[in-house]
Amino acid sequence: MKNVFSKLLIAGLIVSTPLVSLAVDGTPAVKKQPSKTPTDQKLDSKNQTAEDAATNSALIAILNQVVLAKLSFDVDLNFKVTQKGDESKTTIDFKYLDISTMVKFKDQLLYSFVDEANTAAQVKNVIPAISFSTKEMYVVAKVKSGTTEKMKLTVRFCQNYSLNNNFCNTFDDSKLLDISVNSKNFGMFNMRIKDINVDFDQKLADGKFAFKGNCTAWKSAFEEKTPEKSVMKPAICEFSGTYDANLTVKFDGNFKLRSKK
């Protein structure tokens, strides 16, 4: 299921499931995992097929809500491919890169954890769903490099897109991206995101990359004296990570989402 959420996030950045509805001499030895039985392999295959189908449905659902999409780019890069024996390595160095994308969504996106058509009403009332307030929303993304050693990605969410709004500068825009985890009977968690900012290494070595970023966000919390009421509080939102295909631990990442004191 985590792959579904990963691909949903990637799709959202690029353009912005049971059911998606819309309205590895010196290193420590690594223990070898036991071989899987034919039954386990068949089960894994079945689960992967179901997950792929869910992912495809999710991506189709997102794309079906896109009513406007624009792209412009300028690029100047060097790339080198070296061959040593059977090993081939590629290095890409972006001397200049400027990509701008803009997408407008028609309606909100809703991810349900159950197939509502085959789920009892009592269960549907308590099982939470994740909703994204993308109705009439613009998602503007920019990738730039060339002025520093870092390649920068900025993603903004807004309802208004105009020159007066600095092309989706959401400082005064009350319509931000709301992410809610709620059921029909009760609310659990709400998060509001204004923008996402990420720095990447400008020179990408074969099989390696690193990133560091933050977002302007608010998260829901309840007061101990009035637990029935939730308030939105400014939050610290930070994340970072490295990936190296040649290491045993290929991905090492960190994510922080904490209410500001």
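What counts, and at which threshold
- Residues numbered from 1 in each chain as written.
- Predicted model: local features only at pLDDT ≥ 70, side-chain atom pairs only at ≥ 80, totals over all residues.
- Heavy atoms only, no water.
- pLDDT = per-residue confidence, 0-100.
- Helix = DSSP H or I, 4+ residues; strand = E, 2+ residues; numbered from the N terminus.
- Contact = heavy atoms within 4.5 Å.
- Phe/Tyr/Trp six-rings, centres within 6.5 Å; stacked < 30°, edge-to-face > 60°.
- Buried < 20%, exposed > 50% of the residue type's maximum accessible area, 1.4 Å probe, protein only.
- Salt bridge = Lys/Arg side-chain N within 4 Å of Asp/Glu carboxyl O.

Scored by pLDDT, the protein chain comes out at a mean of 75, with 70% of its residues at no less than 70. Of all the helices and strands in the protein chain, strand E1 (residues 19-21) carries the lowest mean pLDDT, 33, while strand E13 (residues 251-259) carries the highest, 93. For the stretch residues 1-33, pLDDT sits under 50, and the model shows 65 contacts to residues farther than four places along the chain or on other chains.

Next up on the list: unusual backbone geometry. You will see that Glu 136, though not glycine, has its phi angle at about 55 degrees, which is positive. By the element assignment, Glu 136 lies in the loop between strand E5 (129-132) and strand E6 (138-145).

With that out of the way, let us pick up the packing of aromatic side chains. Counting across every chain of the model gives 5 aromatic pairs. Ring geometry for Phe 209 and Tyr 243: centres 5.6 Å apart, planes at 25 degrees, overall stacked. Taken together, the residues span a long stretch of sequence, with Phe 209 in strand E11 (residues 208-222) and Tyr 243 in strand E12 (residues 230-244) at a distance of 34 residues. Taking the relative accessible area as the measure of exposure, Phe 209 reaches 34% and is therefore partly exposed. Residue class for Tyr 243 comes out partly exposed when judged on its relative accessible area of 28%. Through pairs of rings, three or more aromatic residues link up here, namely Phe 200, Phe 209, Phe 211, Phe 239, Tyr 243 and Phe 251.

By secondary structure assignment, the location of Ser 145 is in strand E6. Through-space distance from the C-alpha of Ser 145 to that of Phe 200 is 9.4 Å; in sequence the pair is 55 residues apart. Setting aside anything within four residues of it in sequence, one finds Ser 145 in contact with Phe 94, Tyr 96, Leu 97, Lys 150, Met 151 and Gln 202.

Taken as a whole and judged by the stated rule, the model has 6 salt bridges. Here Asp 199 and Lys 152 are joined by a salt bridge, their closest N and O atoms 3.0 Å apart. Here Asp 199, found in strand E9 (residues 187-201), pairs with Lys 152, found in strand E7 (residues 150-158); they are 47 residues apart in sequence, far enough to count as distant. A residue is classified by how much of its surface remains accessible, and Asp 199, at 26% relative accessible area, is partly exposed. With a relative accessible area of 40%, Lys 152 lands in the partly exposed category. For the salt bridge of Asp 178 with Arg 192, the shortest nitrogen-to-oxygen distance reads 2.7 Å. Taken together, the positions of Asp 178 in strand E8 (residues 177-182) and Arg 192 in strand E9 put the pair 14 residues apart, joining distant regions of the chain. Arg 192 sits in the partly exposed class, given a relative accessible area of 30%.

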